[in-house]
Amino acid sequence: MKGLSLNKEEKKEVNTLFVRQLTVMAELTYVRLQGPGFGWSLMPLLRKIYKDDDEKYYAALERNVMYFNTNPAFVPFIQGIVYSMEKENAETPMEDIDTSVNGIKVGLMGPLAGLGDSFFTGTLRVIAAGVGMSLAQKGNILGPILFFLIYHIPFYLVRYYGGVVGYKLGASFISEAQESGLLQSITKGCGMLGLMMIGAMTYLNVPFGLSVETTMAGQEFVLQDVFDQIMPGLLPLGLVWLCIYLLKNKNVSVNKLLIGILVVSVILGGLGIAG
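Description of the structure in this document. The model shown is predicted, which means the values in this text are computed figures rather than measured ones.

## Looking at unusual backbone geometry
Phi is positive for Lys 51, which is not a glycine, with a value near 50°. Relative to the helices and strands, Lys 51 is located in the loop between helix 2 (35-50) and helix 3 (54-63). The backbone of Asn 251 sits at a positive phi, close to 55°, despite the residue not being glycine. With respect to the helices and strands, Asn 251 occurs in the loop between helix 9 (234-248) and helix 10 (254-270). Judged by its relative accessible area of 66%, Asn 251 falls in the exposed class.

Okay, here's the thing in structure tokens:
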């Protein structure tokens, strides 16, 4: 624990980060989810390290409001690491800082989301509810109190000290990793993991398929089966990449893209082409 001790200035920074990130679930958007809250939490700290350099400050703010989503208990841990990276970058500019920061965020948010959801939401909250309800049914006031304490004490301890661990270990780790070249390897690995997650989520959550069926030479012909034989999920993946292309290269707004998808879906569905 000696390596995790904080001096007065570091404790102030961690406390600022902890208090501000408590609002992360109140700043969700459909496009970036926790991204705006993630960046808002870091705003005063980023301004502090980049001082009067508005260009670097706004660049840092922009990369920290990108899409982000994980269990709230582990948000400070990732923010601590990211802030350590930003401090290193403010002192000695890092190569491909945007890629490194976003790679770390994307690589960590998925596994930590699964860990946090399974433990805090799926296990600890159920146990706390069981204890609380058994007492509440008997009219015991300790029921809701114990539910609150059993769930929230571990949750906020992890939430606070996660920020401490991320901040302290991140500072030394990032410095050593940058010098040894390990940071580039981690960034590449996190990016690959993020792409795998996006591919899996696309296959599972984008229900786009063709419903064209006919008979050819006495044999039933299903167009969707042809695409599935080439690669399952090919059409959903193509749709996602088309959306990314329009957003990134053609500067199509998200609202226009959503309206366009809705209109095209209604037309193709009405014609019986897709469903």
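Still more ground to cover, so stick around.
## Some remarks on the packing of aromatic side chains
Taken as a whole and assessed by the stated rule, the structure comprises 10 aromatic pairs. Relative to Phe 68, the ring of Phe 38 has its centre 4.6 Å away and its plane inclined at 50°; by these criteria the two rings are tilted. With Phe 38 in helix 2 and Phe 68 in the loop between helix 3 and helix 4 (75-91), this pair connects stretches of sequence that are 30 residues apart. A relative accessible area of 0% places Phe 38 in the buried class. Residue classification places Phe 68 among the buried positions, given a relative accessible area of 0%.

The rules behind each value
Residues numbered from 1 in each chain as written. Predicted model: local features only at pLDDT ≥ 70, side-chain atom pairs only at ≥ 80, totals over all residues. Heavy atoms only, no water. Helix = DSSP H or I, 4+ residues; strand = E, 2+ residues; numbered from the N terminus. Buried < 20%, exposed > 50% of the residue type's maximum accessible area, 1.4 Å probe, protein only. Phe/Tyr/Trp six-rings, centres within 6.5 Å; stacked < 30°, edge-to-face > 60°.

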